[in-house]
Amino acid sequence: MLEIKNLHVKLEEEEKQILKGVNLTVEPGKVHAIMGPNGSGKSTTSYVLSGRDGYEVTKGSATLNGEDLFDMEPEERAAAGLFLAFQYPVEIPGVGNMTFLRTAVNSQRKLRGEEELSAGEFLKIVREKAKALKIDADMLKRPVNVGFSGGEKKRNEILQMAMLEPKVCILDETDSGLDVDAMKLVAEGVNALRDGTRSFVVITHYQRLLDHIKPDYVHIMSNGRIIKSGGPELALEVENNGYADLLAEQENS
Amino acid sequence: MTRAQMKQRKCDDTAARLDGKALPASAAWATDLRQQSLARLLDMGLPTKRDEYWKWTDPATLTSAVPTPAEVFNTTEAPIFDVIDRLKIVFVDGVFDATASDELAGEGVEVSLLKDALNADIHWAKDSYGVLEAAGQTPVERPMAAMNTAFATDGVVIRVTGKVAKPISIIYTHTNETSDAILHNLVKLEEGAELTLLENGPAAARFNKVLEVDVADGASFHHVRAQGRDHERRAATHIFGRVGANALFKSFTMTANGILTRNEVVLELLGDDSQAHVGGVCMGDGAFLHDDTVFITHDAERCESRQVFKKVLRNGATGVFQGKILVKDGAQKTDGYQISQSLLLDNDSQFLAKPELEIYADDVVCSHGSTTGAIDEEALFYLKSRGVGTQEATDLLTLAFLAEAIDEIAREDIAANVLERLEAWLARRKG
């Protein structure tokens, strides 16, 4: 279970408060969607949780199954079961996708004190999972994300997620830059990973993705806070009316 | 002091330094060639830090009368290329070791020691020894190479007439803390011939080495060299290559450790439709200066040349790159590529680069790039977010940085062997 309590975050380099008291509890097996206008702090939340440099937690906490995330290095958070699907997956020239995946899987196993997968075992699993995401052998051989189309990059994120089998997955605008078919494929990949215990935090601007990945809860974020939470109907409301009404409501309250 | 006075002083110093130093005994024709080189050297003078070509690499310890002692580095690690089936020729502190070497014979190839060749009354080396070195003295002077031709005590002389499958491997062992070795290797590939030459080892406390390679039409020459291990060793090396038509010249050097290394490569593409590739990776840690100085001349049509140099530096290590592509008038459809990059793993290390293009033909493609930077923070975070620890992620990105240069090694088993060494180098420096 992921628990975020009263999280306050500012940029390290400047006096700019980005998160101003975020509260969120994600129970096992649930899908939470976070929506909100640009600059509301959605992506910052995902970066802070995964341990990216450049942010300073000034107040509050975040725990994963009781463990303090802010006490851990990014790789330890990953090994503990946290996964962030990047909005902009990073290109790494010179590192083959397969090497990358295998290093990641085995590093996490090592950190958890488990035995590493042999080359044969790994290959079998990766081929199977890649096939489901329509990732061909060539994409596995190429350097990580180099020359990948937008859709390929996002599918590659989902493949990593499938290989690493995390407990909590954060999807940061995974739908951005995808056409309808690519979005379906990505959503199918995510849905295939829903097993009743794995939970998801889906950050998105649009209701569209939520047609394919059905959320249990929808949260609206604005100016560093979650200003409204509800069921899937909240996403539809946003789709129909935009954020303006909700923001006005918030200001008047 | 005027420029002329400075030059005069340099030449006087060189004459004093070499005064009384006897040329190694050899047949009359060879002594004649040695004397010509000595005359060239006395005319140029040994290099000093004031020379433009040596402004970033102080040659003082390379030219001094007595070498600075270098501790012999002991390791249990098996030497590189041990896994490769090859013909071994071993020099210990510059002296041929017959017991450790294989029989100097092979199909499609004649191999002999330079000492024997230069002592023979008749030998093909008569028309080759020092020829490419002499040609390579213009437009830039290379006095250390002239000194080598004059004073080389030994080396390997190879004439290749066929396609030789088994690599010839020269191993330079270092056992004496004050050894000062001067070796000269001569390789001549006849039309259509093929050879892979391997070189490895620290060689001596101080090592001056020249490799002259004449690649005839349709011939292929592959060269892979590993310099390293001994932290305090010093080396000045030159490769002089002449490439005919439809021919291939490939040379790759891995350098790990060594307090001072200057590697010069001088290539001339004289026949149409040929390729010349020179690549290198160096791993520098602490007191370490590594200098790649490359000069490739295109004097024929439709030739391709590549220079790919990558340096990983830390703890105050310095990397130098001076690379030039000269495209002569008439060398149309030349395809020249040059990249020199350094990865600085801390704030104490530095990379100095001077890429140069000089083009007199009007229908050519030449590109060059030089970059220096740290590990990509974005890529590092991406790897860490997937569970890969900082050290392992840094190593992975370091090897990725070197990949383009390692790709220059044609034979996969040799490339794998080099990669293994680089991984071991990174592993040794953990914790």
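These figures come from a predicted structure and were not determined experimentally.

(A) View of the overall build of chain A. In terms of regular secondary structure, chain A is built from ten helices and twelve strands. Taking 18 Å as the expected radius of gyration for a compact globule of 253 residues, we find that chain A reaches 18 Å, a close match to that expectation. Its C-alpha atoms give chain A principal-axis dimensions of about 60 × 40 × 35 Å.

(B) Focus on the interface of chain B and chain A. If you look at the interface, chain B gives 15 residues, while chain A gives 21 residues. Looking at the side of chain B that touches chain A, the elements with two or more residues in it are helix 7 (377-385) and helix 8 (390-406) of chain B. For the side of chain B that touches chain A, the element with the highest residue contribution is helix 7 of chain B, accounting for six residues. Residue composition of the side of chain B that touches chain A, grouped by class: eight nonpolar, three polar and four charged.

(C) Summary view of the sheet that holds strand 7 (residues 194-200) of chain B. Residue and element names in this part refer to chain B. Pairing in this open sheet of ten strands is mixed, and the strands run 2-1-5-7-9-11-13-15-17-19 from one edge to the other. Every other strand in the sheet has two partners, leaving strand 2 (95-96) and strand 19 (365-373) as the edge strands with one partner each. The sheet strands contacting helix 8 are strand 13 (275-285), strand 15 (304-314) and strand 17 (335-344), and the helix crosses strand 15 at an angle near 155°.

(D) Broad picture of the pairing of strand 13 of chain B. Residues and elements named next belong to chain B. The element strand 13 is largely enclosed, with a buried count of nine among its eleven residues. Pairing of strand 11 (residues 248-256) with strand 13 involves nine bridges; the strand directions are parallel. Residue pairing across strands places Thr255 opposite Cys282, the latter belonging to strand 13. The sheet contact formed by strand 13 and strand 15 spans eleven bridges and is parallel. By the bridge assignment for strand 15, Gly280 is matched with Phe309.

(E) Seen up close, the packing of helix 7 of chain B against helix 8 of chain B. Residue and element names in this part refer to chain B. Between helix 7 and helix 8, whose axes approach to 9 Å, the crossing angle comes to 130°. The orientation of helix 7 with respect to helix 8, classified from their angle, is oblique. Between helix 7 and helix 8 the crossing geometry is right-handed. Seen from helix 7, the contacting residues are Ala379, Leu380, Leu383 and Lys384; seen from helix 8, they are Thr390, Ala393, Thr394, Leu396 and Leu397. Across the contact of helix 7 with helix 8, the residue classes tally to six nonpolar, two polar and one charged.

(F) Quick peek at the nonpolar core. Ranked by size, the top nonpolar core spans 183 residues in total, and within it Phe83(A), Ala85(A), Ile170(A), Val202(A), Leu189(B), Leu195(B) and Val215(B) carry the most contacts. The element contributing the most residues to this core is helix 8 of chain B, with eight residues. Among residues more than four places away in sequence, those in contact with Leu195(B) are Val109(B), Val160(B), Val164(B), Ile168(B), Val187(B), Leu189(B) and Phe221(B).

(G) Seen up close, the packing of helix 3 (residues 97-111) of chain A against helix 6 (residues 150-164) of chain A. All names here are of chain A. At a minimum axis distance of 10 Å, the contact between helix 3 and helix 6 shows a crossing angle of 35°. When you trace helix 3 past helix 6, the crossing you get is right-handed. On helix 6, the residues touching Asn97, Leu101, Ala104, Val105 and Gln108 of helix 3 are Asn156, Gln160, Met163 and Leu164. Classifying every residue of the contact of helix 3 with helix 6 gives five nonpolar, four polar and no charged.

(H) Structural detail: the pairing of strand 11 of chain B. Residues and elements named next belong to chain B. Strand 11 sits mainly inside the fold: eight of its nine residues count as buried. Relative to strand 11, strand 9 (residues 220-228) runs parallel, the two sharing nine bridges. If you follow Phe221 over to strand 11, its bridge partner there is Phe249.

(I) Just unusual backbone geometry, in detail. With an omega dihedral of 0°, the bond running from Thr138(B) to Pro139(B) counts as a cis peptide bond. Topologically, Pro139(B) is positioned in the loop between helix 5 (131-135) and helix 6 (143-151). One non-glycine residue, Asn145(A), adopts positive backbone phi at about 65°. For Asn145(A), the position within the fold is in the loop between strand 8 (143-144) and helix 6.

(J) View of helix 7 (residues 180-192) of chain A. The end-to-end C-alpha separation of helix 7 of chain A is 18 Å, in line with the 18 Å expected for 13 residues at 1.5 Å each. Among the residues of helix 7 of chain A, those classed as buried are Met183(A), Leu185(A), Val186(A), Ala187(A), Gly189(A) and Val190(A).

(K) A look at the environment of Gly373(B). Residues and elements named next belong to chain B. Mapped onto the elements, Gly373 comes out in strand 19. For the pair formed by Gly373 and Asp230, sequence separation is 143 residues and the distance between their alpha carbons is 27 Å. In contact with Gly373, not counting residues within four places along its chain, are Leu343 and Leu344.

(L) Examining the sheet that holds strand 9 (residues 168-172) of chain A more closely. All names here are of chain A. With mixed pairing, six strands are arranged side by side in an open sheet as 6-9-10-3-11-12. At either end of the open sheet lies a strand with only one pairing partner, and these are strand 6 (82-85) and strand 12 (225-230). Taken pair by pair, the neighbouring strands of this sheet meet at an average axis angle of 20°, ignoring direction. Sitting on the sheet, helix 9 (residues 233-241) touches strand 3 (31-35), strand 11 (217-222) and strand 12, and the angle it makes with strand 11 is about 45°.

Basis of the calculations
- All residue numbers refer to positions counted from 1 along the written sequence of the respective chain.
- Written order determines the labels here, with chains lettered from A and ligands numbered from 1.
- Where local features are concerned, this predicted model is filtered to residues with pLDDT of at least 70; where side-chain atom pairs are given and counted, the filter is 80 or more; whole-chain, interface and lining totals use all residues.
- A run of DSSP states H or I qualifies as a helix once it reaches four residues; a run of E qualifies as a strand once it reaches two. Both are numbered from the N-terminal end.
- Note that the radius of gyration is over C-alpha atoms, with the globule rule given as 2.2 Å times the number of residues to the power 0.38.
- Placing a C-beta atom from the backbone of each residue, one calls two residues in contact when those atoms lie within 7 Å.
- Note on residue categories: nonpolar means Ala, Val, Leu, Ile, Met, Phe, Trp, Tyr, Cys or Pro, charged means Asp, Glu, Lys or Arg, and polar means any other residue, Gly included.
- Two strands qualify as a pair provided DSSP detects at least 2 bridges between them.
- In this analysis, axes come from line fits to C-alpha atoms, helices being fitted only over the stretch in contact, and the angle between any two N-to-C directions falls in the range 0 to 180 degrees.
- Three exposure classes are used, based on other C-beta atoms lying within 10 Å of a residue's own C-beta, which is placed from the backbone: buried for 20 or more, exposed for 12 or fewer, and partly exposed in between.
- Note on terminology: angles under 35 degrees are roughly parallel, angles over 145 are roughly antiparallel, angles of 65 to 115 are roughly perpendicular, and the others are oblique.
- By the definition used in this description, the sense in which the near helix is turned from the far one sets the handedness, with an anticlockwise turn below a right angle giving left-handed and a clockwise turn giving right-handed.
- For this analysis, nonpolar core means a set of buried Ala, Val, Leu, Ile, Met, Phe, Trp, Tyr and Cys residues linked through C-beta atoms within 7 Å.
- Here the expected length of a helix is defined as 1.5 Å per residue gap, with one fewer gap than residues.

Distances and angles like these do not, on their own, reveal function.
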